[in-house]
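If you want the building blocks of each chain, they are given just below.
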Number of protein chains: 2
Amino acid sequence: MQSFTEENYLKIIYHLSVNNDQAVQTNAIAEKMQTKAASVTDMIKKLADKKLVLYKKYQGVHLTETGKQAAINIVRKHRLWEVFLVEKLNFKWDEVHDIAEELEHINSAELVERLDEFLSFPKNDPHGDPIPDKHGKFDAVPFTRLSKLKTGEKGLIMGVSEHSSAFLKHLEKLGLTLGKTLTLTTITDFDGSVEIIVEDKKISVTREVAKHILIRI
Amino acid sequence: MQSFTEENYLKIIYHLSVNNDQAVQTNAIAEKMQTKAASVTDMIKKLADKKLVLYKKYQGVHLTETGKQAAINIVRKHRLWEVFLVEKLNFKWDEVHDIAEELEHINSAELVERLDEFLSFPKNDPHGDPIPDKHGKFDAVPFTRLSKLKTGEKGLIMGVSEHSSAFLKHLEKLGLTLGKTLTLTTITDFDGSVEIIVEDKKISVTREVAKHILIRI
DNA sequence: TTATTTTTTTAGATTTGTCTAAATATATAG
DNA sequence: CTATATATTTAGACAAATCTAAAAAAATAA
């Protein structure tokens, strides 16, 4: 069993490596963990001793298969709890992250399986992220981004790649929530902002925001 | 905000003082915390610095009003989570304690209130213990014990004063669960065991077990 | 390819909660 | 009321996770 802190390191290393197979750098971990590079080096050594990561000095880290499974399990718990908070306790999608950060460390395999069942085995969390099954498997549904759409193209909002409360509240206010269908009408050359139509309403979205809206065409 | 460990100390001091207004002794805390008296002294000093307990050397501790409210809040969370685990996730009453020990430390007032509402504001946990409301208030329903009943007396099982899994499983097997009505037929002088009738079945219960069955006449 | 910048690691210190062993205070027994 | 036993505290140490400052390695630029 890992400590609370070790689990957070594993999760962060996982998130930093899931989109590219590169070794994860000490500084990148330090930034996400809100700590210093020296502390990260210490912890990495500890995780390497436990065979949860592969580590070569100055070369960054990779998760081992064991480490990866541990990380995925934490992600699974985090996302299941988020579903619980939104579906059962009526929290909004921008309110659940911090609470789930705590709940994800509760240690009981039985609890997770029963929660999963109680929630009817959800496939995605309230932000559209996939929920790994009990074996750590999940489908990586292909997606594009609103910022990559061409004029006239239509798509469905299937997720976000930025999870801050401020960002999610902003989307909510614009009516850009999961499952909504949109059509891109205009791309502004000047600043890259896009005009879209959602539920017959015309909305303008900055390029920065559009980059973080995941679309299934 | 208190640390995980501080919260456990507060909770234990609360449980040790709730049934008698005496100061709580260092050794008693050490036993419940599964630690050494020296460690308890250290922690007590820390809690005293934070004004959560009143402490005089060699004289044990009392909770302050602030400390008591903090402790009651942890108890509230523990018992609400137990209700959730039993009512919603179908755990048995002997399976929930350890998981609730972890869940009770989750820090979100909003979460607790919504959980309370989701569970329809339960008054008691799966072992019959009262759940404090959000202001820390709860009714101390008077009770006696099966071991105190006289021959021929009737009563209703309203709780237990021993929460170990082994004990709860034993009661379950005997059919002695919350809400059951029983009649005491015989008290054995020799060993203090009692014969009772529950749902038309005759059962013999040792004195030690009878002591931990709480009865409302 | 040498110099400079960036990244990472080491060394040594700090904090939290714990421990053992020894010292001190309180309670109990004769 | 003294001796003994029990309970508690102090002193000093340790492990986990962190930090700062300095050293070392790797990457980048001139």
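Here is a short report on the structure shown in this document.

Conventions we followed
- Residues numbered from 1 in each chain as written.
- Chains lettered and ligands numbered in written order.
- Predicted model: local features only at pLDDT ≥ 70, side-chain atom pairs only at ≥ 80, totals over all residues.
- Heavy atoms only, no water.
- Near = heavy atom within 4 Å.
- Polar contact = N/O pair within 3.5 Å; in protein donor to acceptor, adjacent residues only side chain to side chain.
- Helix = DSSP H or I, 4+ residues; strand = E, 2+ residues; numbered from the N terminus.
- Buried < 20%, exposed > 50% of the residue type's maximum accessible area, 1.4 Å probe, protein only.
- Contact = heavy atoms within 4.5 Å.
- Nonpolar A, V, L, I, M, F, W, Y, C, P; charged D, E, K, R; others polar.

Describing the protein's contact with DNA strand C
And step 1. Neighbouring residues of DNA strand C: 21 residues in total, closest K45 and Y55 of chain A together with T35, S39 and K46 of chain B.
And step 2. In DNA strand C, atoms within 4 Å of the protein come 78% from sugar and phosphate.
And step 3. Within the side chain of Y55 of chain A, a nitrogen or oxygen atom sits 2.3 Å from a phosphate oxygen of DNA strand C.
And step 4. Between K36 of chain B and DNA strand C, the recorded distance is 3.1 Å, taken from a backbone N or O atom to a phosphate oxygen.
And step 5. The set of elements that each furnish at least two residues to the surface near DNA strand C consists of α2 (26–33) and α3 (37–49) of chain A together with α1 (4–17) and α3 (37–49) of chain B.

Things to note about unusual backbone geometry
And step 1. The backbone of S120 of chain A shows a phi angle near 65°, a positive value even though the residue is not glycine.
And step 2. The phi torsion at E199 of chain B lies on the positive side, around 50°, for a residue other than glycine.
And step 3. By secondary structure assignment, the location of E199 of chain B is in the loop between β6 (194–198) and β7 (201–205).

A short note on the environment of V198 of chain B
Residues and elements named next belong to chain B.
And step 1. Along the chain, the position of V198 falls in strand β6.
And step 2. Relative accessible area serves as the criterion here: at 3%, V198 is assigned to the buried category.
And step 3. Counting along the chain gives 15 residues from V198 to T183, while the straight-line C-alpha distance between them is 6.9 Å.
And step 4. With residues near it in sequence (within four places) discarded, V198 still touches G175, L176, K180, T181, L182 and I203.

Details of the protein's contact with DNA strand D
And step 1. Not every one of the 20 residues close to DNA strand D is listed here, only the nearest: T35, S39 and K46 of chain A together with K45 and Y55 of chain B.
And step 2. For DNA strand D, the fraction of protein-proximal atoms (within 4 Å) that sit in sugar or phosphate groups is 78%.
And step 3. A distance of 3.3 Å is found between a phosphate oxygen of DNA strand D and a side-chain nitrogen or oxygen belonging to Q25 of chain B.
And step 4. Of all the elements in the fold, those that place two or more residues in the surface near DNA strand D are α1 (4–17) and α3 of chain A together with α2 (26–33) and α3 of chain B.
And step 5. Looking at the surface near DNA strand D residue by residue, the class counts come to 7 nonpolar, 8 polar and 5 charged.

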